[in-house]
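Structural features, examined
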Amino acid sequence: MYRVAYFLLSFFVITNISIAQIIVEPDQTRNFAKYTIDGTIPEPGGGFFWSGFNTISAGQGEIELIFPEEVLIPEDLNSYNITIRGTNSFDELNTATINEFTLDGNVLTIISPIDISAGRDAWNAPQVDNSFQIVISEQAGLISPSEPGSYTISYNHEFIGSAINLSYTIVSATSTISNASVSVSPSVEFMNSQYTIGFSVGAGGFLRANEDEILLQFP
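Below or above, wherever it landed, is the structure these notes cover. What you see is a predicted model; the values in this text were computed from it and never measured. Just so you know, the residues in each chain are numbered from 1, in the order the chain's sequence is written. Local features in this predicted model are restricted to residues whose pLDDT is 70 or higher, and side-chain atom pairs enter the listing and the counts only when it is 80 or higher, whereas totals over whole chains, interfaces and linings include all residues. Think of the side-chain values as coming from all heavy atoms in the structure, minus any hydrogens and water.

A few points about the overall build of the protein chain
- Across its full length, the protein chain carries 2 helices and 13 strands.
- For the protein chain, the residues scored as buried account for 36% of the 219 residues in total.
- Two residues qualify as a contact provided that any one of their heavy atoms is within 4.5 Å of a heavy atom in the partner residue. The contacts in the protein chain between residues at least 6 apart in sequence include a share of 68% that link residues at least 24 apart.
- Here the open area of atoms and residues is found with the Shrake-Rupley method and a 1.4 Å probe, where only the protein chains shown may cover a residue. Accessible surface for the protein chain amounts to roughly 13,400 Å². Of this, 52% is attributable to carbon and sulfur atoms. Only runs of H or I of at least four residues qualify as helices and only runs of E of at least two qualify as strands under DSSP, and these elements are numbered from the N terminus. When accessible area is computed with a 1.4 Å probe and restricted to protein chains, residues below 20% of their type maximum are described as buried, those above 50% as exposed, and intermediate ones as partly exposed.

Listed below in structure tokens is the structure:
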């Protein structure tokens, strides 16, 4: 009898969890990156001898992502570039009246454009698909940290007891600076002149405002 009771308790603990993982592409410093987060919703009651559903409701249910401070998130972030199960708020919600996300510093709270459920109609019925995928595309404009290393995004929703930390690694980007073009106007000796210098920093050479430096060495 005790072994049966122990088995039931173990089954309850194991099934009442939310699984998540993250992929960042490209995984290089100072790059516009795509974030893919796979998550699940736990069944009510641990999924054993229970029926019913946990549901993140469309237009109301929230999923919170806390990004590292080193990630730059644009203030003009567009919900068109954020999808859940391939759907964004432009597909399902009236964007004129519903706030699709909130951004407070590096805390991004996404309002789901679709219903996401976990559960079953009866205790012995098959479970509905409780998995979902969040994709924040490169076009959203999130820029990876400038230093390589291990970073963590915290992920949470109303059916998780506490936030789940998702770790990922950023490596140094290989970026080639182009040769500079220089024009001088007027190009006459002993005259005050304007120097116009142009160059490309390459894919991983993003320069941060009020932080990165450009060194010019004159003759």
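Still to come is the rest of the account.
Brief notes about the sheet that holds strand β6 (residues 101–104)
- For two strands to be treated as a pair, DSSP must find at least two bridges joining them. Strand order across the open sheet formed by 5 strands is β6-β7-β4-β10-β11, with antiparallel pairing between neighbours. Whereas interior strands pair on both sides, the edge strands pair on one side only; in this sheet they are β6 and β11 (164–170). Neighbour-to-neighbour, the strand axes of this sheet turn through a mean angle of 20°, independent of strand direction.
- With 7 bridges joining them, strand β10 (residues 149–157) and β11 adopt antiparallel strand pairing. Counted as the bridge partner of Y151 is Y168 from β11. Throughout, an axis means a line fitted to C-alpha atoms (over the contacting stretch in the case of helices), and angles, computed between N-to-C directions, take values from 0 to 180 degrees.

Brief notes about the nonpolar core
- Buried residues of nine kinds, namely Ala, Val, Leu, Ile, Met, Phe, Trp, Tyr and Cys, make up a nonpolar core once their side-chain atoms join them within 4.5 Å. Counting 33 residues, the largest nonpolar core has Y35, F67, I136, L142 and Y168 as its most contacted members.
- Not counting residues up to four positions away in its chain, the partners in contact with F67 are Y35, I73, N106, L108, I136, L142 and I153.

Remarks on the sheet that holds strand β5 (residues 82–84)
- The strand order across the open sheet formed by 4 strands is β1-β2-β9-β5, and the pairing between neighbours is antiparallel. Each edge of the open sheet is held by one strand with a lone partner, namely β1 (20–25) and β5. When strand polarity is set aside, the average angle formed by the axes of neighbouring strands in this sheet is 10°.
- The pairing of β1 with strand β2 (residues 34–40) spans 6 bridges and is antiparallel. Across the sheet, residue V24 finds its bridge partner in β2, namely Y35.

Let's talk about the packing of aromatic side chains
- For this analysis, a ring pair means two rings from Phe, Tyr or Trp (six-membered ring only for Trp) whose centres lie within 6.5 Å, classed as stacked if their planes differ by under 30 degrees, edge-to-face if by over 60, and tilted for the remaining angles. Scanning all chains against the criterion turns up 5 aromatic pairs.
- Seen from their ring centres, Y35 and F67 are 5.3 Å apart, and the 90° between their planes marks the pair as edge-to-face. Of this pair, Y35 sits in strand β2 while F67 sits in the loop between β4 (62–66) and β5, and the two are 32 residues apart along the sequence. With respect to burial, Y35 and F67 carry one shared label: buried.
- A centroid spacing of 6.5 Å and a plane angle of 40° characterise the contact between F132 and Y155, whose relative ring orientation is tilted. Here F132 is found in strand β9 (residues 131–136), whereas its partner Y155 is found in strand β10, with 23 residues between them in sequence.

Here we look at the environment of L103
- Inspection of the secondary structure puts L103 in strand β6.
- Overall, the relative accessible area of 28% leaves L103 in the partly exposed class.

A few points about a nonpolar patch on the surface
- Patches draw on residues past 30% relative accessible area with no salt bridge. Two like charges within 9 Å are joined, as are two nonpolar side chains (Val, Leu, Ile, Met, Phe, Trp, Tyr) within 5 Å. The salt bridge definition used is simple: a Lys or Arg side-chain nitrogen within 4 Å of an Asp or Glu carboxyl oxygen. A cluster of nonpolar residues, I177, V182, V184, Y195, I197, F199, L207, I214, L216 and F218, forms a patch on the protein surface that exposes about 910 Å² of accessible area.
- Contributions of two or more residues to the nonpolar patch are made by β12 (181–185) and β13 (194–198).
- Following the sequence through the fold, L216 ends up in the segment after β13.

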